[in-house]
Amino acid sequence: MDKSLENLLLNLSYKINQELFKANLIKKLISKDSFEYLVGKNLMIKHPHPFVINFEFNLNRSSKSDNLQSIIFLNISTVELEFKNLNLSIKRNKINELKNQFQRLIKKETYWRRKAKTLNKIH
C-alpha cells in the first residue's frame, strides 16, 4: 500500500512539474525515467520549502559553468504530507497497528490449525 501511494505521488509530481515547465515557472525538465531514478536514489537536497527538491548535479561549487548544475522541482512525498497534516500520520499509525494485529492473529491461527491437525493424527 505504501509503495502504491509513493508511485502515485511520484507520477503526480512529475505531471505537475510538466505543467510548471509549460507555464515557464521552472526552467528545465528532465525525462520521467530520470526523475524517477533521481528521486528513488535520493540524489537530491531538500529545499527549505515543503514539497520542493533541488537536484544538485555539480557538487563542486568552484565551477561556475552554465552547464546543468541544479534543477528545482516539486515533489510530493508521504513524509512531507504527514508532516503537513498530522491526521495522516495518526491514520498511518493506526493502519500499521491493525496490520500488526492481523499478522499476530494469522500466526496464532496457523499455530492452532497445525496443533489441531497434529491432535487429529494422534487420535
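Quantities reported herein were computed from a predicted structural model and do not represent experimental measurements. Once a new chain begins, its residue numbering starts again from 1 and follows that chain's sequence as written. Totals for whole chains, interfaces and linings use every residue, but because this is a predicted model, local features are given only for residues with pLDDT of at least 70 and side-chain atom pairs only at 80 or more, for both listing and counting. Note that water and hydrogens are dropped before the side-chain values are worked out from all heavy atoms of the structure.

J.: Kindly report on the pattern of salt bridges, identifying the contributing residues and their values.
T.: For salt bridges, the criterion is a side-chain nitrogen of Lys or Arg within 4 Å of an Asp or Glu carboxyl oxygen. Tallying each qualifying case throughout the model produces 3 salt bridges. Across the pair Lys32 and Glu36 runs a salt bridge, and its minimum N-O distance is 3.9 Å. Of this pair, Lys32 and Glu36 are both found in helix H2 (residues 32–40), 4 residues apart, which corresponds to roughly one turn of the helix. Exposure is judged per residue with a 1.4 Å probe applied to protein chains only, and the accessible area is read against the type maximum: over 50% gives exposed, under 20% gives buried, and values in between give partly exposed. With a relative accessible area of 34%, Lys32 lands in the partly exposed category. Across the pair Glu109 and Arg113 runs a salt bridge, and its minimum N-O distance is 2.6 Å. Highlighted residues: Glu109 and Arg113, both in helix H4 (residues 86–122), separated by 4 residues, approximately one helical turn. Judged by its relative accessible area of 39%, Glu109 falls in the partly exposed class. The way it works is that DSSP assigns letters per residue, a run of H or I at least four long becomes a helix, a run of E at least two long becomes a strand, and they are numbered from the N terminus.

J.: Run through helix H1 (residues 2–22), naming residues and quoting values.
T.: Helices are assigned an expected span. That span is 1.5 Å times one less than the residue count. Over its 21 residues, H1 extends 30 Å from the first C-alpha to the last, a length consistent with the 30 Å expected when each residue adds 1.5 Å. Residues Leu9, Leu10, Ser13, Tyr14 and Asn17 constitute the buried set of H1. Projection of H1 onto a plane perpendicular to its axis shows the buried side chains occupying an angular sector of 140 degrees, all on one side. H1 presents Ser4, Leu8, Lys15 and Lys22 as exposed residues on the side facing more than 90 degrees away from its buried surface. Just past H1, the residue Asn24 takes up positive phi, approximately 60 degrees. Taking the helix axis as origin, the arc is that swept by the directions to the C-beta atoms.

J.: Which residues make up the packing of aromatic side chains, and what values go with them?
T.: The description of two aromatic rings rests on the distance between their centres and on the angle between their planes. Aromatic pairing here means that ring centres of Phe, Tyr or Trp (its six-membered ring) are within 6.5 Å. Orientation follows from the plane angle: under 30 degrees is stacked, over 60 is edge-to-face, and everything else is tilted. As enumerated under the stated definition, the model contains 3 aromatic pairs in all. With centroids separated by 5.5 Å and ring planes inclined at 80 degrees, the aromatic side chains of Phe35 and Phe73 adopt a geometry described as edge-to-face. Of the two residues, Phe35 is situated in helix H2 and Phe73 in strand E3 (residues 70–74); the sequence distance between them amounts to 38 residues. No difference in accessibility class separates Phe35 from Phe73, as the two residues are buried. Taking the centre distance of 5.0 Å and the plane angle of 80 degrees together, the rings of Tyr111 and Trp112 count as edge-to-face. We classify Tyr111 as partly exposed; its relative accessible area is 44%. You can call Trp112 exposed: its relative accessible area is 54%. Ring-pair connections join several aromatic residues into one group, and the members of that group are Tyr14, Phe35 and Phe73.

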